[in-house]
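# Understanding the architecture of this molecule
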Amino acid sequence: MILGAIEAGGTKFVLAVGNEKGEITEKVSIPTRTPEETMPEIYAFFKDKRIEALGIGCFGPLELSRNKEKYGYITSTPKLAWADYDILGNLKKHLHVPVEISTDVSGAALGEITFGDYEKENTLLYITVGTGIGGGYVIDGKIHNGMLHPEMGHILVTKNPRDTYKGACPYHENCLEGLAAGPANEGRTGMKGIDIPDDHESFHFIAEYMAEALMSYILVLSPTKIVLGGGVMARTHMLPEIRRILKEKLNDYIKTDQLSDLYSYIVTPSLGTESGIKGALALALMAE
């Protein structure tokens, strides 16, 4: 099959053509501007590619309830030009192929379990820590959504008494995203992310908040594999620190094969930076 894939982010859209094996044959990146500027470039890219279906992993929030009138819309996004925009409907209208949509991070989770090293896992949790924090959860090959897609970045965490930073989230002063995402790291330190040294205390705070969040996800969702991606997690010292603190917090309350080997349980994306775009290929396979 010839499949189209879109990874739609706040700063760029990645467009690709591939197949049902997850092999990408062509890929380009275009900047995220307004729908009026960005969408015609997407239509032009796919126009002569003879794709049979399209998958899109998109920034949100999204309306993903199929019985709702605005299914496939970007809803109350802070990217105001895209608010209340029917991205699914417009893609179908202009490209004339079946289209499947989910959040970008849920798409990445699907990519890892479909085309990555974790296909044997029946439950996989993917958390990305970058400009924001998002989570996607795949159960038996299907993305979990309820009344909304998961908003895992906004669970509340216990603030370290030494952490005087107020928090970057305008809605919650002590949510995970507000205290552990890239803007929090920069706001706390007064430095650009790339310039913050590995031994800065801010990274310890982030590891502590991430470990507390993972403990909650583990106890509630019971995933068999956890993948941590995103720019903040690219610092090689972060995963070992998160695993160490998580072990302390769990305090041997539950004992499983996975928790006895946190090195194999909490991992980086096996697809590297292509989890999202290959996840969009996996979404295309589900399109109707």
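To be clear, the structure that these remarks concern was listed above.
Treat the numbers as computed from the prediction; the structure is a model and nothing was measured.

Right, let's get into unusual backbone geometry. A cis amide bond, omega 5 degrees, links Gly 60 with the succeeding residue Pro 61. Mapping Pro 61 onto the fold places it in the loop between strand E4 (53–58) and strand E5 (73–74). Look at His 96: it is not a glycine, yet its phi comes out positive at around 60 degrees. Relative to the elements of secondary structure, His 96 occurs in the loop between helix H2 (87–95) and strand E7 (99–103). Despite not being glycine, Asp 252 has its phi angle at roughly 60 degrees, a positive value. With respect to the helices and strands, the residue Asp 252 is situated in the loop between helix H7 (238–250) and helix H8 (262–265).

Another aspect to go through is the pairing of E4. The element E4 is extensively covered by neighbouring structure, given that 6 of its 6 residues are classed as buried. On E4, burial covers both faces: Ala 53, Gly 55 and Gly 57 on one face and Leu 54, Ile 56 and Cys 58 on the other are all buried. Pairing geometry for strand E1 (residues 3–8) and E4, over 6 bridges, is parallel. Considered in E4, the bridge of Ala 8 is made with Cys 58. In this structure, E4 lies alongside E7, joined through 5 bridges in parallel fashion. Considered in E7, the bridge of Gly 55 is made with Glu 100.

Counting residues in hydrophobic clusters, the biggest one holds 39 residues, and the most contacted among them are Ile 127, Leu 176, Met 210, Leu 228 and Met 233. At the level of secondary structure, the elements contributing two or more residues to this core comprise strand E8 (123–129), strand E9 (133–139), helix H4 (176–180), helix H6 (201–221), strand E11 (225–229), H7 and H8. No other element matches H6, which puts 11 residues into this core. Ignoring anything within four residues of it in the chain, the contact list for Met 210 reads Ile 127, Val 129, Ile 133, Leu 176, Leu 228, Met 233 and Ile 242.

Right, let's get into a nonpolar patch on the surface. Side chains of Leu 219, Val 220 and Tyr 253 sit close together on the surface and give an oily, nonpolar patch of about 380 Å² of accessible area. As for its placement among the helices and strands, Leu 219 is situated in helix H6. When its relative accessible area of 41% is taken as the criterion, Leu 219 is described as partly exposed.

Looking at the secondary structure, you find Arg 188 in helix H5 (residues 182–189). Classification of Arg 188 as buried rests on a relative accessible area of 16%. Reaching out from Arg 188, the side chain makes a polar contact with the side chain of Asp 163 at a distance of 3.0 Å. Setting aside residues up to four positions removed in sequence, Arg 188 forms contacts with Asp 163, Tyr 165, Leu 179, Ser 202, Phe 205, Ile 206 and Tyr 209.

Attention now goes to H6. With 21 residues, H6 extends 30 Å between its outermost C-alpha atoms, agreeing within 8% with the 30 Å of an ideal straight helix rising 1.5 Å per residue. Immediately downstream of H6, the backbone of Ser 222 shows phi near 55 degrees, a positive value.

How each quantity is defined
- Residues numbered from 1 in each chain as written.
- Predicted model: local features only at pLDDT ≥ 70, side-chain atom pairs only at ≥ 80, totals over all residues.
- Heavy atoms only, no water.
- Helix = DSSP H or I, 4+ residues; strand = E, 2+ residues; numbered from the N terminus.
- Buried < 20%, exposed > 50% of the residue type's maximum accessible area, 1.4 Å probe, protein only.
- Pairing = 2+ DSSP bridges.
- Core = buried A, V, L, I, M, F, W, Y, C linked by side-chain atoms within 4.5 Å.
- Contact = heavy atoms within 4.5 Å.
- Patch = residues over 30% accessible without salt bridge, like charges linked within 9 Å, V, L, I, M, F, W, Y side chains within 5 Å.
- Areas by Shrake-Rupley, 256 points an atom, 1.4 Å probe, with all protein chains shown as cover.
- Salt bridge = Lys/Arg side-chain N within 4 Å of Asp/Glu carboxyl O.
- Polar contact = N/O pair within 3.5 Å; in protein donor to acceptor, adjacent residues only side chain to side chain.
- Expected span 1.5 Å × (residues − 1).

Nothing here speaks to function; it is all geometry.
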